[in-house]
Amino acid sequence: MGYEPVVSHRADVETGAAAEAFEARLKHYEGQRAAVARVGKDPVNAPMIRHWCEAMGDTNPAYSGPDAIAPPTMLQAWTMSGLSGQTRGTHAYDELLGLLDEAGYTSVVATDCEQEYLRPLRPGDEITYDSVIESVSEQKTTKLGTGYFVTTRMDIRVGPDLAGTHRFRILKYAPSRRADRPAGIPTRRDQSPKPSRPRPVVNRDNAAFWEGVQRRRLLIQRCTGCGTLRHPWLPGCNACGGLDWDTVEASGEGTVYSYVVMHHPPFPAFDPPYAVGLIELAEGVRMIGNVLGVPYDKVRIGLPVRLEFQEYDEELVLPVWWAQEAQETRQMRERWEVGT
């Protein structure tokens, strides 16, 4: 990848028998409780639902009126205690994190979460929850550093009924440190290959979209209940609340609805300045992508664009948007070159 070597500053838990013994100690915590029999700070309530919907711009009628339910994605909101009154985890959870701290994995970053909805929540519902340490990964090396992913699963209940689950994953890691260089020798950026572009986050909700991209098809989610198209992909329809869906393939025609030109901060895998557009597809949905074929300062709102799929390396394919006129000119030139 062309990255500079990193210097390890952890104890002897990196290799061999010591590493196996350390990871066995971590695995011992799998299945142990991280929180037990907690109670939500407030019942599910209409004001919080209203504030959430206003912030998200969600006008689904299912979230208002006498028979209102709470938006499913609010699941974790009812378990949070706010800036004050934070409670610590169980002894087992604190011990696990302490063990990682002692081994040099002192930094932490939240990486992702997954939710599953089993029962709608309604105003007046009293929430109880507990959580378990579901898994501790093997040692992983990331751009941030080397460490371990710790996943907890929270079960949220109303009375005896399981309303949903919330999996939360963190990375406990030791930050990478660059190897020292002799004094007075500058770093030349052109000595190392250009880093690869970041990978999209693929989960259960959007996996079919990215599978379509790999096949050079741009798929749009469609609710089978009311026919509403949506992008980005969601587990449920924001128009009728339906959970069933199929897909339609986009025609590839669109216009620039809005755009920004990225100058700063620079990212190693990109070459600023470049234009990023919010593209309104002919089907009516909008998505974000790079605008190509014209200089960044020539991109304009209303510019007609067409879909292409660009390969960035052996694994990564992304949809991009070529200015229609530039694409036609390029295709004519390619046909002429083939003909001659």
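Each remark here, short or long, concerns the structure printed above.
What comes next is a walk through the structure. Numbering of residues begins from 1 in every chain and follows the order in which that chain's sequence is written. Two thresholds apply to this predicted model, a pLDDT of at least 70 for residue-level local features and 80 or more for giving and counting side-chain atom pairs, whereas whole-chain, interface and lining totals are computed over all residues. To obtain the side-chain values, all non-hydrogen atoms of the structure were used and water was disregarded.

**Section: helix H4 (residues 207-214)**
Item 1. Along H4, the residues that are buried comprise Phe 209, Trp 210, Gly 212 and Val 213. Down the axis of H4, the smallest arc covering the buried residues is 155°, so these residues share one side.
Item 2. The contact criterion used throughout is that any non-hydrogen atoms of two residues lie within 4.5 Å. Runs of H or I in DSSP of at least four residues are treated as helices and runs of E of at least two as strands, each being numbered from the N terminus. Its buried side turned inward, H4 meets strand S7 (219-223), strand S12 (286-292), strand S13 (304-311) and strand S14 (317-323).
Item 3. In the stretch just after H4, Arg 216 is the one whose phi turns positive, near 60°. Only protein chains enter the accessibility calculation, which uses a 1.4 Å probe; a residue whose area is less than 20% of its type maximum is buried, one above 50% is exposed, and one in between is partly exposed. Directions pointing from the helix axis toward each C-beta atom define the arc.

**Remarks on the sheet that holds strand S9 (residues 245-249)**
Sheet strands associate in pairs through backbone hydrogen bonding, adopting either a parallel or an antiparallel arrangement.
Item 1. Whether two strands pair comes down to DSSP finding at least two bridges between them. One open sheet accounts for three strands, arranged S8-S7-S9; its pairing is antiparallel. Single-partner strands in this sheet number two, and they are strand S8 (229-230) and S9.
Item 2. Here S7 pairs with S9 via five bridges, running antiparallel. Bridge assignment links Arg 222 to a residue of S9, and that residue is Asp 246.

**Observations regarding the nonpolar core**
Note that soluble globular proteins tend to have their nonpolar side chains buried in a common cluster.
Item 1. In terms of nonpolar packing, the biggest core is built from 28 residues, with Phe 209, Leu 218, Val 256, Ile 279, Leu 281, Val 291 and Trp 321 touching the most fellow members.
Item 2. Those elements that provide at least two residues to this core are H4, S7, strand S11 (274-281), S12, S13 and S14.
Item 3. Ranked by residue count, the leading element in this core is S14, at six residues.
Item 4. Sequence-distant contacts of Leu 281, that is, excluding residues within four places in its chain, are made with Leu 218, Ile 220, Ala 250, Glu 253, Gly 254, Met 287 and Trp 321.
Item 5. Nonpolar cores are built from buried Ala, Val, Leu, Ile, Met, Phe, Trp, Tyr and Cys residues. Side-chain atoms within 4.5 Å join them into one set. Phe 22, Ile 133, Tyr 148 and Val 150 belong to the second-largest nonpolar core, a separate cluster that totals 18 residues.

**A word on unusual backbone geometry**
Item 1. His 231 connects to Pro 232 through a cis peptide bond whose omega is 5°.
Item 2. By secondary structure assignment, the location of Pro 232 is in the loop between S8 and S9.
Item 3. Put simply, Pro 272 and Pro 273 share a cis peptide bond, and its omega is 0°.
Item 4. Locating Pro 273 in the fold gives a position in the loop between strand S10 (253-262) and S11.

**Brief notes about the sheet that holds S12**
Item 1. Here we have five strands rolled up into a closed barrel, ordered S10-S11-S12-S14-S13, and mixed in their pairing. The mean inter-strand angle of the sheet, taken between neighbouring strand axes irrespective of direction, is 50°.
Item 2. With eight bridges connecting them, S10 and S11 associate as antiparallel partners. Note on S11: the bridge partner recorded for Ser 258 is Leu 278. Whenever a helix is involved, its axis is fitted only over the stretch in contact; in every case the axis is a line through C-alpha atoms, and angles between N-to-C directions fall within 0 to 180 degrees.

**Topic: the packing of aromatic side chains**
Item 1. Aromatic contacts are taken between Phe, Tyr and Trp rings whose centres are within 6.5 Å, Trp giving its six-membered ring; a plane angle under 30 degrees counts as stacked, one over 60 as edge-to-face, and the others as tilted. The tally for this structure, following the rule as stated, stands at seven aromatic pairs.
Item 2. Between the aromatic rings of Tyr 105 and Tyr 148, the centroid separation amounts to 5.3 Å while the plane-to-plane angle is 80°, which identifies the pairing as edge-to-face. You can see Tyr 105 sitting in the loop between helix H3 (91-102) and strand S2 (107-117) and its partner Tyr 148 sitting in strand S5 (residues 145-158), a full 43 residues away along the chain.
Item 3. The class of Tyr 105 is buried, set by a relative accessible area of 0%.
Item 4. Residue class for Tyr 148 comes out buried when judged on its relative accessible area of 0%.
Item 5. On the numbers, 5.2 Å between centres and 70° between planes, the contact of Trp 233 with Trp 245 is edge-to-face. With a gap of 12 residues between them, Trp 233 in the loop between S8 and S9 and Trp 245 in strand S9 connect regions that are remote in the sequence.
Item 6. Here Trp 233 falls in the buried class, since its relative accessible area comes to 7%.
Item 7. For Trp 245, a relative accessible area of 35% translates into the label partly exposed.
Item 8. Through successive ring pairs, a cluster of aromatic residues spans Phe 209, Trp 210, Trp 233 and Trp 245.
Item 9. The ring of Tyr 312 has Arg 197 lying over it, and the distance from NZ or CZ to the ring centre is 4.1 Å. Sitting over a ring, as applied to charges here, requires NZ of Lys or CZ of Arg to be within 6 Å of the ring centre and within 35 degrees of the ring normal.

**Points about the pattern of salt bridges**
Where charged atoms from two side chains of opposite charge come close, those side chains can pair.
Item 1. By definition, a salt bridge exists where a carboxyl oxygen of Asp or Glu is found within 4 Å of a side-chain nitrogen of Lys or Arg. Taken as a whole and assessed by the stated rule, the structure comprises 17 salt bridges.
Item 2. In this structure, Arg 169 engages Asp 112 in a salt bridge whose closest nitrogen and oxygen atoms are separated by 2.4 Å. Within this pair, whereas Arg 169 is found in strand S6 (residues 161-175), its partner Asp 112 is found in strand S2, the two being separated by 57 residues in sequence.
Item 3. Looking at Arg 169, the relative accessible area reads 19%, which means it is buried.
Item 4. In the salt-bridge network here, residues are joined through shared partners; they are Glu 134, Arg 153, Asp 155 and Arg 167.

Geometric descriptors of this kind do not, in isolation, establish any biological role.
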